[in-house]
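# A closer look at the structure
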Amino acid sequence: MKKKKLQIEQLSHKLKSYDAADKVVRPSIGWVKTIRTSIGMSLEQLGEKLGFTKQSAQNLEKREGDGSITIKALEDAARALEMKLVYGLVPIDGSLEKMIEKKARNLATEIVMRTSGNMKLEDQENSPERIRKAIEERTKEIMEEMPKKLWD
């Protein structure tokens with residue numbers, strides 16, 4: 001599991017670069033049109049650089065605006081604008097570690113509460129403090145093991 005932990009640490013380090021980018025809101029009309037109009041490039045000029053007609057360039061901007069554009073088309077448009085596309089996925093919880101811990105805690109809670117429910121039926125109920133400690137311990141175990149069921 002040390003290999004998996006090292007992979008997560010290395011990937012987390014790479015994803016840190018996207019922290020600021022995560023705060024940037026995509027323009028409602030899309031980046032291509034926003035940048036093109038801001039620098040004073042016409043649709044005809046963009047189309048020429050892409051080897052497209054004006055209408056095809058306009059269609060590209062429309063597809064970006066509605067979210068149906070391909071990564072390849074965005075890369076091509078970025079190059080035509082003398083820019084480059086930066087692409088990444090950012091964990092919603094802020095880091096891979098937090099995401100894994102959240103999933104592990106949910107799974108641990110489910111397991112501990114199921115066991116606790118069985119014990120209650122047998123009149124051997126645990127205290128809330130003992131349940132909390134069991135959840136913490138199980139969370140750590142799950143985070144170490146990283147079982148595939150963590151992602152079910």
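Residues numbered from 1 in each chain as written. Predicted model: local features only at pLDDT ≥ 70, side-chain atom pairs only at ≥ 80, totals over all residues. Heavy atoms only, no water.

### Digging into the overall build of the protein chain
Within the protein chain, the secondary structure is distributed over 7 helices and 0 strands. In the protein chain, the order of α-helices and β-strands from amino to carboxyl end is α-α-α-α-α-α-α. Scaling as 2.2 N^0.38, a compact globule of 152 residues should have a C-alpha radius of gyration of about 15 Å, whereas the protein chain reaches 25 Å, well beyond that. Structurally, the protein chain occupies a C-alpha span of about 80 × 30 × 25 Å along its principal axes. For the protein chain, the residues scored as buried account for 27% of the 152 residues in total. Sequence-distant contacts in the protein chain: of pairs separated by 6 or more residues, those separated by 24 or more amount to 65%. Looking at the protein chain as shown, the accessible area adds up to about 11200 Å², and 54% of this sits on carbon and sulfur atoms. Here the protein chain contributes 30 positive and 25 negative side-chain charges, whose respective centroids are spaced 3 Å apart. (Helix = DSSP H or I, 4+ residues; strand = E, 2+ residues; numbered from the N terminus. Rg over C-alpha atoms; globule rule 2.2 N^0.38 Å. Buried < 20%, exposed > 50% of the residue type's maximum accessible area, 1.4 Å probe, protein only. Contact = heavy atoms within 4.5 Å. Areas by Shrake-Rupley, 256 points an atom, 1.4 Å probe, with all protein chains shown as cover. Lys, Arg positive; Asp, Glu negative; His and termini not counted. Charge placed at Lys NZ, Arg CZ, Asp CG, Glu CD.)

### Comments concerning the packing of helix H3 (residues 43-50) against helix H4 (residues 54-66)
Direction vectors running N to C along H3 and H4 enclose 95 degrees, while the axes themselves pass 8 Å from each other. Compared by their axis directions, H3 and H4 come out roughly perpendicular. Side by side, H3 and H4 meet where Leu 43, Glu 44, Leu 46, Gly 47 and Leu 50 of the first sit next to Lys 54, Ala 57, Gln 58, Leu 60 and Glu 61 of the second. For the contact of H3 with H4, a count of residues per class yields 5 nonpolar, 2 polar and 3 charged. (Axes fitted to C-alpha atoms, helices over the stretch in contact; angles between N-to-C directions. Parallel < 35°, antiparallel > 145°, perpendicular 65-115°, else oblique. Nonpolar A, V, L, I, M, F, W, Y, C, P; charged D, E, K, R; others polar.)

### Re unusual backbone geometry
For Glu 82, which is not glycine, the phi dihedral falls at a positive 55 degrees. Here Glu 82 is to be found in the loop between helix H5 (71-80) and helix H6 (96-121).

### Here we look at the pattern of salt bridges
Per the counting criterion, the structure on display carries 11 salt bridges. Here Asp 76 ties to Lys 72 by a salt bridge, and the two come within 2.9 Å at their closest N and O atoms. Residue Asp 76 and its partner Lys 72 are both found in helix H5; the two are separated by 4 residues, about one turn of the helix. According to the relative accessible area criterion, Asp 76 is partly exposed, its value standing at 23%. The network of salt bridges with common partners includes Lys 72, Asp 76 and Arg 79. (Salt bridge = Lys/Arg side-chain N within 4 Å of Asp/Glu carboxyl O.)

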